[in-house]
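# Observations on chain architecture
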Amino acid sequence: MSVVEKLPGQWATVGDRLRQRGLRWTPQRRTVIEVLAETDGHVAAAELVARCRSRNPSTIPSTVYRTLNVLEDLGLIRHGHGADGREEFHVLPEREHGHLHCTECGSTWEIDESGADEIARAFRGVDGFEIDIGHVTVVGRCRECASAV
Ligand SMILES: [Zn+2]
Ligand SMILES: [Zn+2]
Ligand SMILES: [Zn+2]
């Protein structure tokens with residue numbers, strides 16, 4: 001048996017959990033986990049593939065995507081979508097937050113937990129609808145762009 005260096009925190013048992021889902025625990029998958037464990041905030045899938053490749057050139061994108069799907073099923077990560085609809089991954093646990101994108105200046109912002117709560121309350125009040133604010137990016141114009149007419 002080879003000596004396996006322990007992965008941090010919630011990732012410590014991920015090899016076993018992936019195996020239970022029928023995925024082999026390979027160096028490629030380990031690279032995906034290492035990159036995710038070092039990720040702060042969110043990361044686009046393509047960026048994740050690039051980071052894995054720079055660490056392990058034999059990384060195959062489809063393996064990364066398949067691993068990400070299973071990790072999301074296991075509740076270790078969660079996906080959202082950028083302004084262009086591309087998937088971005090959040091490493092859990094994470095504070096609930098929303099995403100804003102200004103189509104004029106191209107800036108993006110996060111709506112913090114209290115702002116996200118307020119928006120969720122507003123939706124609940126309209127039709128009892130529970131929104132999943134972290135899943136989407138709301139597109140519009142920021143205060144500066146909107147006032148500079
Ligand atoms: Zn986010
Ligand atoms: Zn989605
Ligand atoms: Zn703007």
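Below: a short report on this structure.

The rules we used
- Residue indices follow the written sequence of each chain, beginning from 1 at its first position.
- In the order they appear in the text, chains get letters beginning with A and ligands get numbers beginning with 1.
- A pLDDT threshold of at least 70 governs which residues receive local features in this predicted model, and a stricter bar of 80 or more applies before side-chain atom pairs are shown or counted, although totals over entire chains, interfaces and linings include all residues.
- Side-chain calculation: all heavy atoms of the structure are included, whereas hydrogens and water are not.
- Every definition here rests on a 1 Å grid over the protein atoms only: cavities are sets of points where a 1.4 Å probe fits but cannot get out, pockets are open sets enclosed by protein on both sides within 12 Å along at least five of seven lines, and lining residues have some atom within 4 Å of a point.
- Grid points are joined across faces, edges and corners, and a volume is the space filled by probe spheres set on the points.
- A helix here means a DSSP run of H or I that spans at least four residues, while a strand means a run of E at least two residues long, and both kinds are numbered starting from the N terminus.
- Ten residues, namely Ala, Val, Leu, Ile, Met, Phe, Trp, Tyr, Cys and Pro, are considered nonpolar, four, namely Asp, Glu, Lys and Arg, are considered charged, and the remaining ones, Gly among them, are considered polar.
- By salt bridge we mean one thing: a side-chain nitrogen of Lys or Arg within 4 Å of a carboxyl oxygen of Asp or Glu.
- Accessibility here uses a 1.4 Å probe with only protein chains present; expressed as a share of the type maximum, an area under 20% marks a residue as buried, one over 50% as exposed, and anything in between as partly exposed.

### Describing the layout of surface pockets
- Size it by volume and the largest pocket reaches roughly 150 Å³.
- Residue lining of the largest pocket: H42, G82, A83, D84, R86, E88, H99, L100, H101, T108, W109 and T137, and that is the complete set.
- Element by element, the count of residues in the lining of the largest pocket is highest for strand β4 (residues 98-102), at three residues.
- Across the lining of the largest pocket, the residue classes tally to three nonpolar, six polar and three charged.

### Thoughts on the pattern of salt bridges
- For the coordinates displayed, the defined rule picks out 12 salt bridges.
- The closest approach of N and O atoms between E38 and R55, which form a salt bridge, is 2.7 Å. Placement of E38 in the loop between α2 (27-37) and β1 (42-44) and of R55 in helix α3 (residues 45-55) is noted, with a sequence separation of 17 residues between them.
- Residue E38 is classed as exposed on the basis of its relative accessible area of 55%.
- Given the relative accessible area of 40%, R55 is considered partly exposed.
- Across the salt bridge formed by E130 and R124, the nearest N and O atoms sit 2.6 Å from each other.

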